[in-house]
Number of protein chains: 2
Amino acid sequence: MTRKSNVKEQFVRAAIDLICARSYNTVGVQELCDNVGVTKGSFYHYFRSKRDLTLAAIDEIWASYQRNFLEPVFKSHLPILEKFHRLLESVCDYYDSEKKSTGRMAGCKLGNMSLELSTQDEVIRQKLDFVFKEWITYLNSVLEEAVVSGELPDNTDTRASAQSILAYLEGLALLGKTFNDPSFMREHDWGIPKLILHKSEQADVVS
Amino acid sequence: MTRKSNVKEQFVRAAIDLICARSYNTVGVQELCDNVGVTKGSFYHYFRSKRDLTLAAIDEIWASYQRNFLEPVFKSHLPILEKFHRLLESVCDYYDSEKKSTGRMAGCKLGNMSLELSTQDEVIRQKLDFVFKEWITYLNSVLEEAVVSGELPDNTDTRASAQSILAYLEGLALLGKTFNDPSFMREHDWGIPKLILHKSEQADVVS
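Predicted model, so just to flag it, every value in this text is computed and none were measured.

S.K.: Looking at this model, I keep getting lost on the overall build of chain A. Mind explaining?
M.R.: Looking only at helices and strands, chain A has 11 helices and 0 strands in total. Traced from its N-terminal end to its C-terminal end, chain A shows the element sequence α-α-α-α-α-α-α-α-α-α-α. Oriented by its inertia axes, the alpha-carbon framework of chain A measures out at about 60 × 35 × 30 Å. By residue count, 56% of the 207 residues in chain A fall in the buried class.

S.K.: Would you mind showing me how to read the packing of helix α6 (residues 109-117) of chain B against helix α7 (residues 122-148) of chain B here?
M.R.: For any two helices packed against each other, one specifies the crossing angle of their axes together with the interaxial distance. Residues and elements named next belong to chain B. As a packed pair, α6 and α7 sit with axes 10 Å apart at the nearest point and diverge in direction by 145°. You can see that α6 and α7 cross each other, and the crossing is left-handed. Residue-level contacts link Leu110, Gly111, Met113, Ser114 and Leu117 of α6 to Ile124, Leu128, Val131, Phe132 and Trp135 of α7. Residue composition of the contact of α6 with α7, grouped by class: 8 nonpolar, 2 polar and no charged.

S.K.: What am I meant to see in the interface of chain A and chain B here?
M.R.: When the parts come together, some accessible area is lost, and that loss is often what is quoted as the size of the interface. In this assembly, 54 residues from chain A lie in contact with 53 residues from chain B. Counting the surface chain A buries against chain B, the share from its top three residues, Leu115, Trp190 and Lys194 of chain A, is 17%. Inspection of the chain A/chain B interface yields 2 salt bridges. Residue Arg104 of chain B pairs with Glu122 of chain A through a salt bridge whose shortest N-O separation is 2.6 Å. Linking chain A with chain B are 21 residue pairs in polar contact (both at pLDDT 80 or more), by the criterion used here. Counted by class, the side of chain A that touches chain B contains 24 nonpolar, 19 polar and 11 charged residues.

S.K.: Any chance you could explain helix α8 (residues 158-179) of chain B here in plain terms?
M.R.: Helical geometry: 3.6 residues make up each α-helical turn, so side chains three or four residues apart lie on a common side. Taking 1.5 Å as the rise per residue, α8 of chain B with 22 residues should run 32 Å; its terminal C-alpha atoms sit 31 Å apart, in good agreement. Along α8 of chain B, 21 of the 22 residues are buried, which leaves the element largely enclosed by surrounding structure.

S.K.: Help me out: how do you make sense of the packing of aromatic side chains in this one?
M.R.: The geometry of two aromatic rings is summed up by the distance between their centres and the angle between their planes. The full count for this structure, using the stated rule, is 26 aromatic pairs over all chains. Between the aromatic rings of Phe43 of chain B and Tyr44 of chain B, the centroid separation amounts to 4.9 Å while the plane-to-plane angle is 80°, which identifies the pairing as edge-to-face. On the basis of relative accessibility, which here comes to 46%, the residue Tyr44 of chain B falls in the partly exposed class. Taken together through their ring pairs, the aromatic side chains of Trp62, Tyr65, Phe69, Tyr94, Tyr95, Phe132 and Trp135 of chain A make up a single cluster. Lying across the ring of Tyr24 of chain A, Lys50 of chain A places its NZ or CZ 4.0 Å from the centre. Over the ring of Phe179 of chain A we find Lys133 of chain B; its NZ or CZ atom is 4.6 Å from the centre of that ring.

S.K.: Honestly, the environment of Pro153 of chain A in this entry has me stumped. Any pointers?
M.R.: Residue and element names in this part refer to chain A. Topologically, Pro153 is positioned in the loop between α7 (122-148) and α8 (158-179). Counting along the chain gives 57 residues from Pro153 to Asp96, while the straight-line C-alpha distance between them is 35 Å. If we skip the residues at most four places from it in the chain, Pro153 touches Val147 and His198.

S.K.: Looking at this structure, how should I read the environment of His198 of chain B?
M.R.: All names here are of chain B. Residue position: His198 is located in the loop between α10 (191-194) and α11 (199-206). The spatial distance from the C-alpha of His198 to the C-alpha of Thr158 is 8.4 Å, given a sequence separation of 40 residues. Excluding residues within four positions of it along the chain, His198 makes contact with Pro153, Asn155, Thr156 and Asp157. A polar atom in the side chain of His198 sits 3.3 Å from the side chain of Thr156.

S.K.: Just to check I follow, could you spell out the relation of the copies chain A and chain B for this structure?
M.R.: Each copy of the chain is related to the other by a rotation around an axis and a translation along that axis. Between the two copies, chain A and chain B, the superposition gives an RMSD of 0.0 Å; the rotation angle is 180° and the shift along the axis is 0.0 Å. Look at the turn and shift together and you get a two-fold axis relating the two. Identified as the residue of chain A closest to the rotation axis by C-alpha distance is Gly171 of chain A, at 1.9 Å. Here 98% of the contact residues of chain A are again contact residues in chain B; the copies associate through an equivalent surface.

S.K.: Even after reading the chapter, I still don't get the confidence of the model for chain A, so can you show me in this structure?
M.R.: For any part of a model where pLDDT is low, the fine detail of the predicted coordinates should not be relied upon. Averaged over chain A, the pLDDT score is 94; the fraction of residues at 70 or greater is 95%. Of the two predicted TM-score estimates for the complex, the pTM is 0.95 and the ipTM is 0.95.

S.K.: Looking at this structure, I do not really get unusual backbone geometry. What am I missing?
M.R.: Negative phi is the rule for most residues except glycine; trans is the rule for most peptide bonds. One non-glycine residue, Asn180 of chain A, lies in positive phi territory at about 50°. Its location among the elements puts Asn180 of chain A in the loop between α8 and α9 (182-187).

S.K.: Would you explain the layout of surface pockets in this entry?
M.R.: Unoccupied space between atoms shows up once a probe the size of one water molecule is rolled over them. Quantified by volume, the largest pocket comes out at close to 560 Å³. The wall of the largest pocket is formed by 30 residues, among which Tyr65, Tyr94, Tyr95, Gly107 and Lys109 of chain B lie closest to the centre. At the level of secondary structure, the elements contributing two or more residues to the lining of the largest pocket comprise α1 (3-21), α4 (50-74), α5 (80-102) and α8 of chain B. Looking at which element gives the most residues to the lining of the largest pocket, the answer is α4 of chain B, with 7 residues. Looking at the lining of the largest pocket residue by residue, the classes come out as 18 nonpolar, 5 polar and 7 charged. Within this model, the second largest pocket holds a volume of roughly 370 Å³. Lining the second largest pocket we find 21 residues, and of these Tyr65, Phe69, Val91, Tyr94 and Tyr95 of chain A sit closest to its centre. Counting only elements with at least two residues in the lining of the second largest pocket, the list comes to α1 (3-21), α4 (50-74), α5 (80-102) and α8 of chain A. No other element matches α4 of chain A, which puts 7 residues into the lining of the second largest pocket.

Thresholds applied
Residues numbered from 1 in each chain as written. Chains lettered and ligands numbered in written order. Predicted model: local features only at pLDDT ≥ 70, side-chain atom pairs only at ≥ 80, totals over all residues. Heavy atoms only, no water. Helix = DSSP H or I, 4+ residues; strand = E, 2+ residues; numbered from the N terminus. Buried < 20%, exposed > 50% of the residue type's maximum accessible area, 1.4 Å probe, protein only. Axes fitted to C-alpha atoms, helices over the stretch in contact; angles between N-to-C directions. Left-handed = near helix turned anticlockwise from the far one by under 90°. Contact = heavy atoms within 4.5 Å. Nonpolar A, V, L, I, M, F, W, Y, C, P; charged D, E, K, R; others polar. Buried area = accessible area lost by both parts, 1.4 Å probe. Salt bridge = Lys/Arg side-chain N within 4 Å of Asp/Glu carboxyl O. Polar contact = N/O pair within 3.5 Å; in protein donor to acceptor, adjacent residues only side chain to side chain. Expected span 1.5 Å × (residues − 1). Phe/Tyr/Trp six-rings, centres within 6.5 Å; stacked < 30°, edge-to-face > 60°. Lys NZ or Arg CZ within 6 Å of the ring centre and 35° of its normal. Least-squares fit on C-alpha atoms with pLDDT ≥ 70 in both. pLDDT = per-residue confidence, 0-100. 1 Å grid on protein atoms, 1.4 Å probe; cavity = no way out; pocket = protein on both sides within 12 Å on 5 of 7 lines; lining within 4 Å. Points joined across faces, edges and corners; volume = space filled by probe spheres on them.

See below:
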């Protein structure tokens, strides 16, 4: 790894840390440069704008979610519901340790950016739209594999289930952040299996 | 209504409109004054700070949610699940008309403020904490009444259900905003009844 790529990565890291600790609009390019210990000229060598850096930060957040949370549980050989249980456990453990070190549960970095920026910056909204749809596709694949292996019934609506589970996780993180209480999320673990929809149920429930 | 109270209310209205169309940190006191058509002196006559105005805006948003969305359905004599269905329908209708007029689904005004501000402003976080807990208490009462009337089983965990339903609604609004698509929320209506927890199930699901 060259020193050059290190500086670029340090900017991405600083953007993630500072934006997630506060918000996008309270972090300026000068503060990012101070954090990395380089000049503004260096910033503009790597990124055209704070938006441009933020797009890179969103990619890195999504990559880190897969690396640190999704892959360790979904590549294991646990039963499907246990996988979801462990996923939520590991997210809550992360929020617990974050709160211990900073006093705050900052919540989902992607959800935070979305609610702050989606009506403000169409380029960032489109990036988040893409990443959240990737996340749904990931969860959909996990559920489809469980259908193929016989762990879930054939009539499981895997896409609707994946979308609902992600909405629920984001909503739990939102309330957990509002209450500054990671345990809120942990206590509502039971909702995830209930949001796996079977097609025969859909007509009953929706009618 | 006096002219004085009108100006104060106009500031609250302007804060709700401008903050929700963009974000808290992109709206300044000068823009609020321009929007209302008065001077900064007038602003500081009514409010000590933008935070102070925002606290009043949060109260008004919560009051308007009760007036426009919760009371019309929950004071009706519909079956309990139909009430929740109508609630989500009316929220989606609102987002549809908002998108038609502005091009954007701005999502839940309280959720937006929470994810932007909860790690940044402890006074605002505490206000949102209080309001979201009031909302949970409201939904809890609705579910408790349905238990008393025999519409839901005696072993319904009304508080856990209320918390989960609210998390789910906030998560659907978050993804709907990210996708700029109110229909996303409407399509996942079916999850609400599934999140009404019965105590006997809890042990099975969580284990």
